[in-house]
Structure formats: C-alpha cells, structure tokens
Amino acid sequence: MPSPITPPNRHLTLPCNPTSPSNASFFYRITVGNNISDDTLKACADLFSSNYGIQGDKASKISTFTKAGQQLIYILAQCLSHPENTVLVTCHLQVDPLESERPKLCGHAFASMWDYGENKIGWVTQLVVDEAVRQRYVATQLLQTLKVHAPFSRINIIGLVSSHPAACNALAKYAAADLKDVDLDFIRVHAKGILQSSPISYLNDAQLKGVLFEDNCDNGSILSVFTKFYVDHTEPLKVLAHYKNKGQWCLGELADGHEFLAIFPITPVSPISPIRLRNSK
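What counts, and where the lines are drawn
Residues numbered from 1 in each chain as written. Predicted model: local features only at pLDDT ≥ 70, side-chain atom pairs only at ≥ 80, totals over all residues. Heavy atoms only, no water. Salt bridge = Lys/Arg side-chain N within 4 Å of Asp/Glu carboxyl O. Helix = DSSP H or I, 4+ residues; strand = E, 2+ residues; numbered from the N terminus. Buried < 20%, exposed > 50% of the residue type's maximum accessible area, 1.4 Å probe, protein only. Expected span 1.5 Å × (residues − 1). Arc of directions from axis to C-beta. Phe/Tyr/Trp six-rings, centres within 6.5 Å; stacked < 30°, edge-to-face > 60°. Axes fitted to C-alpha atoms, helices over the stretch in contact; angles between N-to-C directions. Parallel < 35°, antiparallel > 145°, perpendicular 65-115°, else oblique. Left-handed = near helix turned anticlockwise from the far one by under 90°. Contact = heavy atoms within 4.5 Å. Nonpolar A, V, L, I, M, F, W, Y, C, P; charged D, E, K, R; others polar. Pairing = 2+ DSSP bridges. Right-handed = clockwise from strand over helix to strand, strands pointing away. Polar contact = N/O pair within 3.5 Å; in protein donor to acceptor, adjacent residues only side chain to side chain.

Engineer: I keep staring at the pattern of salt bridges and nothing clicks. Help me out?
Structural biologist: Proximity of charged atoms lets side chains of opposite charge pair with each other. Enumeration according to the criterion identifies seven salt bridges in this entry. Across the pair K104 and D130 runs a salt bridge, and its minimum N-O distance is 3.5 Å. Here D130 lies in the loop between β4 (119–129) and α4 (138–145) and K104 lies in strand β3 (residues 104–116), a separation of 26 residues in the sequence. Measuring nitrogen to oxygen at the nearest pair gives 3.5 Å for the salt bridge that ties E214 to K209. Under the relative-accessibility criterion, E214 is labelled partly exposed at 25%.

Engineer: Is there a simple way to explain helix α1 (residues 38–51) in this structure?
Structural biologist: Within an α-helix, residues lying three or four positions from one another point in the same direction, as the helix has 3.6 residues per turn. Look at α1: 20 Å from first C-alpha to last across 14 residues, which is about the 20 Å you get at 1.5 Å a residue. Turning to α1, its buried residues are C44, A45, L47, F48 and N51. The buried residues of α1 all sit within an arc of 165 degrees when viewed along its axis, so they share a single face. Along α1, exposed side chains directed more than 90 degrees from the buried face belong to D38, D39, K42 and S50.

Engineer: It is not clear to me how the packing of aromatic side chains should be interpreted in this structure. Could you clarify?
Structural biologist: In total, this model carries three aromatic pairs according to the counting rule given. Measuring from centroid to centroid gives 5.8 Å for W114 and W123, while their planes differ by 35 degrees, and the two rings are tilted. The pair W114 / W123 is uniform in exposure class, with both members buried. The interplanar angle of 75 degrees and the centroid separation of 4.9 Å between the aromatic rings of W249 and F260 together place this pair among those described as edge-to-face. Taken together, the positions of W249 in the loop between α8 (234–245) and β8 (258–265) and F260 in strand β8 put the pair 11 residues apart, joining distant regions of the chain.

Engineer: In this structure, what is going on with the packing of α4 against helix α5 (residues 165–174)? I would like to understand it.
Structural biologist: Packed helices, taken two at a time, are described by the angle their axes make and the gap between the axes. Remark: α4 packs on α5, axes separated minimally by 9 Å, with the N-to-C direction vectors making an angle of 45 degrees. Classified by the angle their axes make, α4 and α5 are oblique. Handedness of the α4/α5 crossing: right-handed. On the side of α4, the interface is formed by A139, T140, L143 and Q144, while α5 contributes A170, L171, K173 and Y174. When the residues that make up the contact of α4 with α5 are grouped by side-chain class, the tally is five nonpolar, two polar and one charged.

Engineer: Looking at this structure, how should I read the pairing of strand β5 (residues 157–162)?
Structural biologist: Put simply, side chains in a regular strand alternate between the two faces of the sheet. Judged by how many residues are buried, β5 sits mostly within the fold: six of six residues are covered. Across the two faces of β5 the burial is the same, with I157, G159 and V161 and I158, L160 and S162 all buried. The sheet contact formed by β4 and β5 spans four bridges and is parallel. Looking at the pairing, G122 lines up with I158 of β5. Taken together, β4, α4 and β5 form a β-α-β motif whose crossover is right-handed.

Engineer: Before we go on, may I ask you to explain the side chain of H258 in this structure?
Structural biologist: With respect to the element layout, H258 can be found in strand β8. Judged by relative accessible area, H258 falls into the buried class, the value being 12%. At 2.8 Å, the side chain of H258 and the backbone oxygen of D256 are in polar contact.

Right under this line is the structure:
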C-alpha cells in the first residue's frame, strides 16, 4: 500500500485577473455531482463540443466509437460515473448586470476524488474554456475554486490528462509548481498506481507512454498517455510551441490519440468555514 506522500514546500504567487473597463464579470460556482441538473450537463456538453470536441483526421478510421457525438457522450458519462465523489465548477460571464440577458457559461471543470493507499487523489476529468475568453485566467480560477469544496481540500495529489498545455499549466498553478520543473521521478513511481486505483474506466485502460515509461520511444514524447481520444491538435500544438519557445515545458511532444499526463503532490488546504467568513467582516 502506498504510504502518504510528503508534499513539497513551495509557494507561488498567482497573477491577478486583469481589470476590465466594462461591467462584465466572471463568477464561479461549485455543484456536487448528485446535484448537477440535466440543463447544466447539456450546457457543459455544448461548450465542450464547440471548443474541444473536434474530431481529428484519424478518429473516424479507428472505430464507430469515434464518430461524431459518441466520444462526447462517453467522456461526459465518465466525468459523472461516480457522482458522489465528483464536483463541477462552472464559470459564467455576466456582460452587464443591468441587462436581462442570462449569464453565459464560458468554462467548466469536472473533478473526481478517490483513495490511493493512504493518499487522497483529486483528478480533473474535464477542463474547458470558451475560446472567446481564453488568456484571462479562467482555467486557473476554475481549478483554484475546487479548493473551496471541503472534501477536495483534503487531497494531497492532483492530476489530469489533457491534450492542451494550458490545462497542464493551470494544474501546475493549483499545485504551486512550474511546468518547466515537474517532478518526473514522482510521476514515474506513482502514475501507474494512481491510474489503476481510479474508479474512472478510461484512466484504468490508459497506456502510459513517453521516454519516462518506454525504453524505445522515438516520437519526442516524454510524459503522456494513449487514451484513444482523437481530437484535433491544431490549436493545442500552437500553444505548445509558445510554452516551448519560452522554456516553460518539459512534458515532450503530443502524438495523435495521446494526452499529456500531469501529476503533482500538494499540501492539503484548510476548508473555508462560513463562520470564519462571517467573523472576518
């Protein structure tokens, strides 16, 4: 049984959200899995499909599973496969509070929790931000908001698989870490056990890839998993080039049907108490 992980002692100051000259504002909400409505789930599905769910060229050649719509249904089902241990963070954009137009869903994050030996895992199963509001720290804040959820505040390992480097970067900020200095030895030791202990089937079945796990890897991958999710990598590869040019990347290249794997040990945070908030006023 894996012993408790000792988290690193490090601190990172997060950037402040840029001030908008308009009345527009973002607001974030946490919903536990059992309370996620059908309307909310449909809105999340629409956001995913219009911003992330574009099938790559190989998708339709693999199996009927990868036909349009089927992959999306499968992924959402996985996100809510254990609702009692799942939370959803949503971000809505209110353009003008004086207008009657309803706030628009512009980002969401599904996350699940499970035990790994004596450790508590927190796993981001889906992170999506509307293309129109990217580079405004929405992904970062979606994950930071998870810390408000009392059960999630007890986790001491956080992870995700994603084809988008910005998602990995947001997770690194959650862990007060840096993508150019990931603890690869920690991931080499614990990745297999963490994925196999997961209640989420596509993580159980994911194949660890890259030079960290394979002796004869020659495609430039360092740390990834083969999830068979064939989405279009055009936009993620542009972002990847940006991180690499700035010297802020150590996870290697991204192959078709693969996603980057990011796992960090973290220090559990103290849950926010409503009483404490009232007393601080």
